[in-house]
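Single-letter residue listing:
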Amino acid sequence: MTVPPPAPRVVTTLVIRGMPAVHAVRAVFTALAAVEGIASADVSLGRAVVEHDGRATPEQLAAAVALAGCEVTEWREERRRLPTL
């Protein structure tokens, strides 16, 4: 039996301005959760690391953050592929 290769994962790191307190972290997390394709999001003051399947674009992520009242000032994307056993 042949197992298909794992889907590539994309990790996007966002630098976020306008997160003055912890309540903003929850607002950004909730806004990012609505973006299709996101597997996980680790949000802290001024930063979010989002793992997704590649369907979420930096523009969509920035738009979601804007809905939470914050602004993405910088982003970096890294593509990953899980190792084949």
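Details of the structure are given in the entry above.
Residues numbered from 1 in each chain as written. Predicted model: local features only at pLDDT ≥ 70, side-chain atom pairs only at ≥ 80, totals over all residues. Heavy atoms only, no water.

Participant: Account for the pattern of salt bridges, naming residues and giving values.
Facilitator: Overall, the coordinates contain 4 salt bridges when judged by the stated rule. The residue Arg17 makes a salt bridge to Glu71 at a minimum N-O spacing of 2.7 Å. A residue pair is termed long-range when its members are at least 10 positions apart, and Arg17 in strand 1 (residues 9–17) and Glu71 in strand 4 (residues 71–80) qualify at 54 residues. You can call Glu71 partly exposed: its relative accessible area is 39%. With its nearest N and O atoms 2.8 Å apart, the salt bridge here joins Asp53 to Arg55. For Asp53, a relative accessible area of 29% corresponds to the partly exposed category. (Salt bridge = Lys/Arg side-chain N within 4 Å of Asp/Glu carboxyl O. Helix = DSSP H or I, 4+ residues; strand = E, 2+ residues; numbered from the N terminus. Buried < 20%, exposed > 50% of the residue type's maximum accessible area, 1.4 Å probe, protein only.)

Participant: Pulling in residues and values, what's your account of helix 2 (residues 58–67)?
Facilitator: Note: α-helices contain 3.6 residues per turn, so residues at a spacing of three or four share the same orientation. For helix 2, every residue scored as buried is listed here: Pro58, Leu61, Ala64 and Val65. Looking straight down helix 2, one finds its buried side chains confined to an arc of 125 degrees; they lie on one side. Exposed side chains of helix 2 directed beyond 90 degrees from the buried face belong to Glu59 and Leu67. Gly69 lies just past helix 2 and shows a positive phi near 90 degrees. (Arc of directions from axis to C-beta.)

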